[in-house]
Amino acid sequence: GSSAMVEQRNQADHGCGRYSKNLLSLVRFQPSLLKHENSQPTYKRMETRSQMNTGSAIETERLFLLPSRTDRDSEAFLQMLRDDGDFSIFCGVSPSEKHVRRFANYFERTDHELCTYSIFPKQQKDKFIGYVGVHREMEDEYEIEFYIAREYRRNGYCEEASRELINQLFGDGVSANGKNLFVDKLYVTTQTENEPTISLLRKLGFREVEDGPIMVVLGNIFEKEDNFFAHEVVKLVLTKEEFSDGN
C-alpha cells in the first residue's frame, strides 16, 4: 500500500537478493494474470555440506568486513530481522518467528555456493550492523545480497561494503569453502517498490534487465499451512567491464 511505500522511501540499505529462495514458480509478469502453466521448475538437489566464507578479513575506509560466522553473528542478525520492520521486503514472507528462525544458520547454509562478510564499523569494532555477500543461484548465476540494520542506514555503509566485495569478485576473488571464487557478472533481485535499494544498485553500476519485472510466488511446498506470497520483482545485472568503466 501507499503507507508501505512511504516507509520504504525513508529508509535505505535494507536487503536485496532473497527472492530466488523457496520459489514455487517464476513467470513473466502480466498485470492482470499470473500464468502458473508457464512456471519454470526451480528446485534441484541441494548439497549437504555447509557453504561459507573461508577467506580473510577486508578493511575499507570505515568498515571491517569479517567472514561471517553463525556463532558470532546469528543472534544479532535475527534480532535485526525482528526489530527493523522490513522482514517481508528482505525475504518476501510474513515476519513470523517461525520464518525469522529459518535464518538462524543463514551464514553457513547448505544450499548453493556462498560467501558472506559481516559488517563492523571501525568506531564500534564489536558491533555487528549487517552483512554483504554473494551466492550461486540456478544456471550458475551469482547474486549479490546485503542487509544493514535500520539504525545504521543512510550512512553509505552498504555502498562501501558492496563496492569492495564487487571489487574482490571482479578481481582476485574471494574464498568460499576453501576455493577461490571470482566472476565476470553479478545480478540481484529485489521488489520493484524497494526504491532505495534499486537506487543504491544503480549507483554501483547495476542496470535493469531489458525484459522487465517478473512475478515471483513464494511458499513452502512441504508446509501446506504456510501462506503464499506473490511479488513483482526486478532483476538487475552488472558486468565486470561495466563496473571497471564506471569506477
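Parameters and conventions
- Residues numbered from 1 in each chain as written.
- Predicted model: local features only at pLDDT ≥ 70, side-chain atom pairs only at ≥ 80, totals over all residues.
- Heavy atoms only, no water.
- Helix = DSSP H or I, 4+ residues; strand = E, 2+ residues; numbered from the N terminus.
- Buried < 20%, exposed > 50% of the residue type's maximum accessible area, 1.4 Å probe, protein only.
- Contact = heavy atoms within 4.5 Å.
- Areas by Shrake-Rupley, 256 points an atom, 1.4 Å probe, with all protein chains shown as cover.
- Salt bridge = Lys/Arg side-chain N within 4 Å of Asp/Glu carboxyl O.
- pLDDT = per-residue confidence, 0-100.
- Core = buried A, V, L, I, M, F, W, Y, C linked by side-chain atoms within 4.5 Å.
- Axes fitted to C-alpha atoms, helices over the stretch in contact; angles between N-to-C directions.
- Parallel < 35°, antiparallel > 145°, perpendicular 65-115°, else oblique.
- Left-handed = near helix turned anticlockwise from the far one by under 90°.
- Nonpolar A, V, L, I, M, F, W, Y, C, P; charged D, E, K, R; others polar.
- Phe/Tyr/Trp six-rings, centres within 6.5 Å; stacked < 30°, edge-to-face > 60°.
- Lys NZ or Arg CZ within 6 Å of the ring centre and 35° of its normal.

*Asks:* Where do I start with the overall build of the protein in this structure?
*Replies:* Helix and strand counts for the protein come out as 7 helices and 12 strands. Burial status across the protein gives 51% buried among its 247 residues. Once local pairs closer than 6 in sequence are excluded, the contacts in the protein between residues at least 24 apart make up 69%. Surface summary for the protein: the accessible area is close to 12,200 Å², and the carbon and sulfur share equals 47%.

*Asks:* Help me understand the pattern of salt bridges in this model?
*Replies:* Between side chains of opposite charge, pairing is possible as soon as their charged atoms come close. A full pass over the atoms with the stated rule returns 15 salt bridges. For Glu160, the salt bridge goes to Arg62, with nearest N and O atoms at 2.7 Å. Here Glu160, found in helix α5 (residues 157–170), pairs with Arg62, found in the loop between β2 (58–59) and β3 (63–67); they are 98 residues apart in sequence, far enough to count as distant. Residue Arg62 is classed as partly exposed on the basis of its relative accessible area of 31%. The salt bridge partner of Asp73 is Arg72, with a shortest N-O separation of 2.6 Å. Three or more residues are tied together by salt bridges with common partners; here these are Asp84, Asp86, Arg150 and Arg153.

*Asks:* Hey, could you run me through the confidence of the model for the protein in this one?
*Replies:* Segments scoring low in pLDDT should not have their predicted coordinates read at a detailed level. Summarising the model, the protein shows a mean pLDDT of 76, and 68% of its residues fall at 70 or more. Considering each helix and strand of the protein separately, the mean pLDDT is smallest for helix α1 (residues 2–9), with a value of 30, and largest for α5, with 97. This model gives residues 1–11 a pLDDT under 50, and the stretch forms 18 contacts once residues within four places in sequence are excluded. Throughout residues 19–48 the model reports pLDDT below 50, and contacts reaching past four residues in sequence, or to other chains, amount to 78 contacts.

*Asks:* I would appreciate a short explanation of the nonpolar core in the present structure.
*Replies:* As a rule of thumb, soluble globular proteins bury nonpolar side chains together. One finds Phe77, Leu81, Phe90, Phe103, Ile166, Leu186 and Phe206 to be the most contacted residues of the largest nonpolar core, which totals 54 residues. Each residue touching Phe103, except ones within four places of it in the same chain, is listed here: Ser74, Phe77, Leu78, Leu81, Phe87, Phe90 and Cys91.

*Asks:* I'm lost on the environment of Phe182 in this one. Help?
*Replies:* With respect to the secondary-structure elements, Phe182 resides in the loop between β8 (179–181) and β9 (185–191). Judged by its relative accessible area of 53%, Phe182 falls in the exposed class. Separated by 16 residues in the primary sequence, Phe182 and Ile166 place their C-alpha atoms 9.5 Å from one another. If sequence neighbours within four positions are ignored, Phe182 has contacts with Leu169, Gly171 and Gly173.

*Asks:* How should the packing of α5 against helix α6 (residues 195–204) be read in this particular structure?
*Replies:* The description of two helices packed together rests on the angle between their axes and the distance between the axes. Across the interface, α5 lies against α6 with an axial gap of 11 Å and an inter-helix angle of 45 degrees. Comparing the axis directions of α5 and α6 gives the class oblique. Read as a crossing pair, α5 and α6 show a hand that is right-handed. In this structure, α5 contributes Cys158, Glu159, Ser162, Arg163 and Ile166 to the contact, and α6 contributes Leu200, Lys203 and Leu204. For the contact of α5 with α6, the residue count by class is 4 nonpolar, 1 polar and 3 charged.

*Asks:* Hey, could you run me through the packing of aromatic side chains in this one?
*Replies:* The relative placement of two aromatic rings is captured by the distance of their centres and the angle of their planes. Evaluated as defined, the whole model comprises 14 aromatic pairs. Centroid distance Phe87 to Phe103: 5.7 Å. Interplanar angle 80 degrees. Geometry classified as edge-to-face. Placement of the pair is Phe87 in helix α3 (residues 87–91) and Phe103 in the loop between α4 (97–101) and β4 (114–121), with a sequence separation of 16 residues. Look at Phe103 and you get buried, because its relative accessible area is 10%. Ring geometry for Phe107 against Phe128: centres 6.2 Å apart, planes inclined by 65 degrees, an arrangement best described as edge-to-face. Taken together, the positions of Phe107 in the loop between α4 and β4 and Phe128 in the loop between β4 and β5 (130–136) put the pair 21 residues apart, joining distant regions of the chain. Since its relative accessible area comes to 6%, Phe128 is described here as buried. One aromatic cluster is present, built from ring pairs that chain together Phe77, Phe87, Phe103, Tyr106, Phe107, Phe120, Phe128, Tyr131 and Tyr147. Seen from the ring of Tyr147, Arg153 lies directly overhead, with NZ or CZ sitting 5.3 Å from the centre. Sitting over the face of the ring of Tyr187, Lys235 holds its NZ or CZ atom 4.6 Å from the ring centroid.

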